[in-house]
Amino acid sequence: MPKLQTLEDTPVGSAQSSSTSSRPLSDEQLRKMHAYWRAANYLTVGQIYLKDNPLLERPLTREDIKPRLLGHWGTTAGLNFIYTHLNRIIVENDLNMIYIIGPGHGGPGLVAHTFLEGSYTEIYPHIEQNKDGLRRLFRQFSWPYGIPSHVAPETPGSIHEGGELGYSLLHAYGAAFDNPDLIVACIVGDGEAETGACATSWHSNKFLNPAKDGAVLPILHLNGYKIANPTVLDRISHDELIDLFRGYGYEPIFIEGTDPAEMHQLMAATLDKIIVDIRAIQQRARKQVVVERPRWPLLILRTLKGWTGPKEVDGKSVEGTWRAHQVPVDDVRNNPDHLRILEDWMRSYKAEELFDQNGTFKDELAGLAPEGRRRMGMNPHANGGILLEPLTMPHFREYAVKVDEPGIVEVEATRVLGRFLRDVIKLNEDKRNFRLVGPDETASNRLDAVYQTTGKEWMARVDKVDENLTTDGRVMEVLSEHMCQGWLEGYLLTGRHGFFNCYEAFIHIVDSMFNQHAKWLKTTRTLPWRRPIASLNYLLSSHVWRQDHNGFSHQDPGFIDHLANKKADIIRIYLPPDANTLLSVADHCLRSRNYVNLIIAGKQPALQWLDMDSAVRHCTAGLGVWDWASNDNGNPDVVMACAGDVPTLEALAAVSLLREHVPDIRIRVVNVVDLMTLQPSSEHPHGLADEDFDELFTVDRPVIFAFHGYPTLIHRLTYRRRNHNNFHVRGYKEEGTTTTPFDMVVLNNLDRFQLALDVIRRIPRLKNISDKATERFYAMMQKHKLYVSEHGEDLPEIRNWRWAA
Ligand SMILES: Cc1ncc(C[n+]2csc(CCOP(=O)(O)OP(=O)(O)O)c2C)c(N)n1
Ligand SMILES: [Mg+2]
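Chains are numbered independently. Their residues run from 1 in the order of the written sequence. Throughout, the order in which chains and ligands are written sets their labels, letters from A for the former and numbers from 1 for the latter. The model is predicted, so local features are restricted to residues of pLDDT at least 70 and side-chain atom pairs to those at 80 or more, both for listing and for counting; the totals for chains, interfaces and linings are taken over all residues. To obtain the side-chain values, all non-hydrogen atoms of the structure were included, while hydrogens and water were left out.

> Before we go on, may I ask you to explain the site of ligand 1 in this structure?
Around ligand 1 sit 16 residues in total, of which Thr-75, His-105, Asp-190, Gly-191 and Lys-305 are the nearest. Contacts described as polar in this section are N or O atom pairs within 3.5 Å, which, within protein, must combine one atom able to donate a hydrogen with one able to accept it, while residues neighboring in sequence count only if both atoms come from side chains. The separation between a nitrogen atom of ligand 1 and a polar main-chain atom of Gly-163 is 2.7 Å. Asp-190 places a polar side-chain atom, nitrogen or oxygen, 2.6 Å from an oxygen atom of ligand 1. Considering ligand 1 on its own, with 590 Å² of exposed area, one finds that the protein chains cover 74% of that surface. When residues are grouped by polarity, Ala, Val, Leu, Ile, Met, Phe, Trp, Tyr, Cys and Pro land in nonpolar, Asp, Glu, Lys and Arg in charged, and all others, Gly among them, in polar. Of the residues assigned to the shell around ligand 1, the class counts are 4 nonpolar, 7 polar and 5 charged. Only a single heavy atom is needed: when it lies within 4 Å of a molecule or strand, its residue is near that molecule or strand. The Shrake-Rupley method, run with a 1.4 Å probe, gives the accessible areas here. Residue values count only the displayed protein chains as cover.

> I would appreciate a short explanation of unusual backbone geometry in the present structure.
Note: most peptide bonds trans; most residues except glycine with negative phi. Phi is positive for Arg-446, close to 65 degrees, though the residue is something other than glycine. Numbered from the N terminus, helices here are DSSP runs of H or I no shorter than four residues, and strands are runs of E no shorter than two. Structurally, Arg-446 is set in the loop between strand E10 (434–438) and strand E11 (456–457). Unlike most non-glycine residues, Asn-594 shows phi in positive territory, near 60 degrees. With respect to the element layout, Asn-594 can be found in the loop between helix H17 (579–591) and strand E17 (596–600).

> I tried to follow the nonpolar core on my own but got confused; where do I start?
The nonpolar side chains of a soluble globular protein tend to be buried, and buried together. Within the largest apolar cluster, 177 residues are counted, with the highest numbers of intra-cluster contacts made by Tyr-99, Phe-355, Leu-675 and Phe-697. Here the nonpolar core consists of buried residues drawn from Ala, Val, Leu, Ile, Met, Phe, Trp, Tyr and Cys, with membership extended through side-chain atoms lying within 4.5 Å. For each residue, the accessible area found with a 1.4 Å probe, counting protein chains only, is set against the maximum for its type, and the residue is called buried under 20%, exposed over 50%, and partly exposed in between. Counting residues in hydrophobic clusters, the runner-up holds 84 residues, among them Leu-436, Leu-583, Ala-586 and Ala-756.

> Hey, could you run me through the pairing of strand E6 (residues 296–302) in this one?
Along a regular strand, successive side chains alternate from one face of the sheet to the other. For E6, a buried count of 7 out of 7 residues is recorded, marking the element as mostly surrounded by other parts of the structure. Alternating positions in E6 separate into two faces, Trp-296, Leu-298, Ile-300 and Arg-302 on one and Pro-297, Leu-299 and Leu-301 on the other, with burial throughout. Pairing of strand E4 (residues 215–222) with E6, which is carried by 4 bridges, proceeds in the parallel orientation. The partner of Ile-219 across the bridge, within E6, is Leu-299. Strands were regarded as paired on the criterion that DSSP finds at least two bridges between them.

> Got a minute to help me understand the sheet that holds strand E23 (residues 727–730) in this structure?
Remark on secondary structure: sheet strands pair via backbone hydrogen bonds, oriented parallel or antiparallel. Read from one edge of the open sheet, 5 strands run E19-E21-E20-E22-E23, paired in mixed fashion. For this open sheet the edge positions go to strand E19 (623–625) and E23, each flanked by a neighbour on one side alone. This sheet shows a mean twist of 20 degrees between the axes of neighbouring strands, independent of strand direction. Across 4 bridges, the pairing between strand E22 (residues 703–707) and E23 is parallel. Looking at the pairing, Val-703 lines up with Phe-727 of E23. Lying over the sheet, helix H20 (residues 690–697) contacts E19, strand E20 (638–643), strand E21 (667–672), E22 and E23, oriented at roughly 130 degrees with respect to E21. What makes two residues a contact is simply this: any of their non-hydrogen atoms within 4.5 Å. Axis definition: a line fitted to C-alpha atoms, limited for helices to the stretch in contact. Angles are taken between N-to-C directions and run from 0 to 180 degrees. Set on the sheet, helix H23 (residues 752–762) makes contact with E20, E22 and E23; between it and E22 the angle comes to about 165 degrees.

> Honestly, the coordination of the magnesium ion (ligand 2) in this entry has me stumped. Any pointers?
The expected angle between donors at a tetrahedral four-coordinate metal is 109.5 degrees. At an octahedral six-coordinate metal it is 90 or 180 degrees. Bound to the magnesium ion (ligand 2) on the protein side are Asp-190 (OD), Asn-223 (OD1) and Tyr-225 (O), at distances that span 2.0 to 2.2 Å. Note: metal donors comprise N, O and S atoms at 2.8 Å or less from the metal (3.2 Å for Na, K and Ca); water molecules are not included, so apparent gaps in a site are possible. Summarised as a motif, the one-chain spacing of the donors to the magnesium ion (ligand 2) is D-x32-N-x1-Y. In this pair, the class of Asn-223 matches that of Tyr-225, namely buried.

> Just to check I follow, could you spell out the side chain of Thr-270 for this structure?
Mapped onto the elements of the fold, Thr-270 is located in helix H9 (residues 260–287). Here the side chain of Thr-270 touches Leu-266 through a polar contact of 2.6 Å, landing on its backbone oxygen.

> Would you mind showing me how to read the pattern of salt bridges here?
Between side chains of opposite charge, a pair can form as their charged atoms come close. Salt bridges are defined by distance alone: a side-chain nitrogen of Lys or Arg within 4 Å of a carboxyl oxygen of Asp or Glu. For the structure on display, the rule yields 53 salt bridges. Measuring nitrogen to oxygen at the nearest pair gives 2.7 Å for the salt bridge that ties Asp-178 to Arg-474. With Asp-178 in the loop between helix H6 (168–176) and strand E3 (182–189) and Arg-474 in the loop between strand E12 (469–470) and strand E13 (475–477), this pair connects stretches of sequence that are 296 residues apart. No difference in accessibility class separates Asp-178 from Arg-474, as the two residues are buried. Glu-412 is paired through a salt bridge with Arg-415; the nearest N and O atoms lie 2.6 Å apart. Taken together, the shared-partner salt bridges connect Asp-178, Lys-212, Asp-213, Glu-429, Arg-432, Arg-435, Asp-472 and Arg-474 into one network.

Here it is, written out as structure tokens:
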């Protein structure tokens, strides 16, 4: 190994490398590459500041300047530098490479580069390769109805917006899995590296198999600053920094400097070496029988924040400081000194040497970029829908649970799903395009049938006691919901399929990541060139009602509410009441595109309601009357609605109690699988038309609704329905502990006794029996309480309850 120099030995400002000192670029190459970088920087500054005069053909005036200066300069010079150099190694080595930019606020840099390489104009022909095109390119940036300032879905070549920092490396690894030919260059901001998600994501190298997967090249962009502060990684000693990354299992290669000519040589030499190293690792692994975890190279690039920008503004240092983060010189329209600084800055890039009189990028420079799909802006992996192949699906009906009578057999729904997923994996093994991710819970969620056909990907040490670990597994388990989510997103965005299983309460850890993915999907629907990708599928099991081991900390159904906030077009929420409905829903979700599908299903033995034909019909409708449980003959006293497996059980148990105690009561049972059917059709594509809703829920009868989650959501979804005033919802009200399954529903007033009372109290003609019923049902609850306190389990009549037709 080359000896690493410590920062203390190194005068800042001179280029340093721990890896090499050779100078691979000829003078000509150096001149051109430097010009290419200047062009990208020029276009970046132009986008932030100018609405006219794009080639500075006349002195800048305030009329040329945008009224609102929005964007981020500081990170972008470094990003542009890296892109220029990646172009060279792509061309020289014919690499299949994509670029993920953690500090996505460097959006104008990626726009600039994809414009220079021609990708941008191919996708957006009105941004021509001439003066008009440049003017439009500048003007549209951070402009109303133009393009966003970040590396957004609108940006060619991007699968990572980077607006919310922290996920770049996870997306990079997700993209690299099962893409043996792909190299994912991933810029990680030194501020971004302080986030929790990023901190854990370095461990992804323990899950990447050099023989079967592609490579990730992490590039830590050590520009020293965030918005207003230094970064931790910049202010620890060089040794500590290197030790940190060696500790994560990488081979850090450090380069530093400010002089462009020196830095170009150093960067080129370093990247050459890195590509040799990556290829050597891959070749070795691909020849070996037993694959070992290599030390992948990691580049640490220490440059100036705002490199090549204004050194000083109003007597304060800007280049190389946090002041360069956004717009380094502001108020340009009103402050002539600032206008002059901007003009000098822009002229320092010598646009006249870069663009011809028409404003077209000069051929000799444009020729440096890769061609066709090798351009990072045009690489199909960054528009994964292009590469998406549908999964070969087993027939879900073959996994059906036999249900002769509703409410008699008990089955663990997720265990049944596990067999189906096992065969999804088996049938797509050759395509290598499906992964099941989860934070250490796949077996706990009872999906362990998958281990009959595959193992868990694991590149670290294996001990005798371990089970199902392999270097080539379709299951990815790591105790980080962030990693599961980020990997899966990267995998989906590059055109593959997957499934995320998680405890219901802890999926909240990735609320924010889900937000970002949902925003991405929403935007891509408006971009015809972005092809649809496979949906992000969540299975939440070990849910709020059956946390028998764990208690209150594990009881939280709020992820449903979180999803329901997002754009209806992309959100689907399913609460299958039993195994056959779960199979039908899962099959549907795995075939769908561009959605986030949320499925919530229990793993505990539970009564089964529908045979497969009925399940398919029910799921196709999304909700419906369960005739076998209803006796209303079109004229119900009450509608008993339910959504979720446990609420369905309690609702049906309440119905049978009511039949017993109030024999002439007419009850209609409506079960909801697809929650979004409750919304008006104007709000959600699955929303039921008002007439159909009225038909099911009536316009004037009480509706007692037993719901899996927080009750307010049902009100939110139905408040515009005619009968909303008669909706009475029971659900989780944040009461929990380590108690019996039935006591959990009692604590939250979702139990059969409470539901039965709710019914009686709301049917006017039953007013006279209300007090008596209250007494009787309260007595039953009392008996339950005493029994569970004494015996530690539910009453036999609760445990052994079955639906009697
Ligand atoms: C999770 C998150 N928290 C805070 C922010 C606000 N923010 C935007 S840029 C930035 C600083 C980023 O610093 P760094 O990663 O070092 O990027 P660079 O220096 O390259 O601009 C912050 C805090 C954010 N975008 N995401
Ligand atoms: Mg930084």
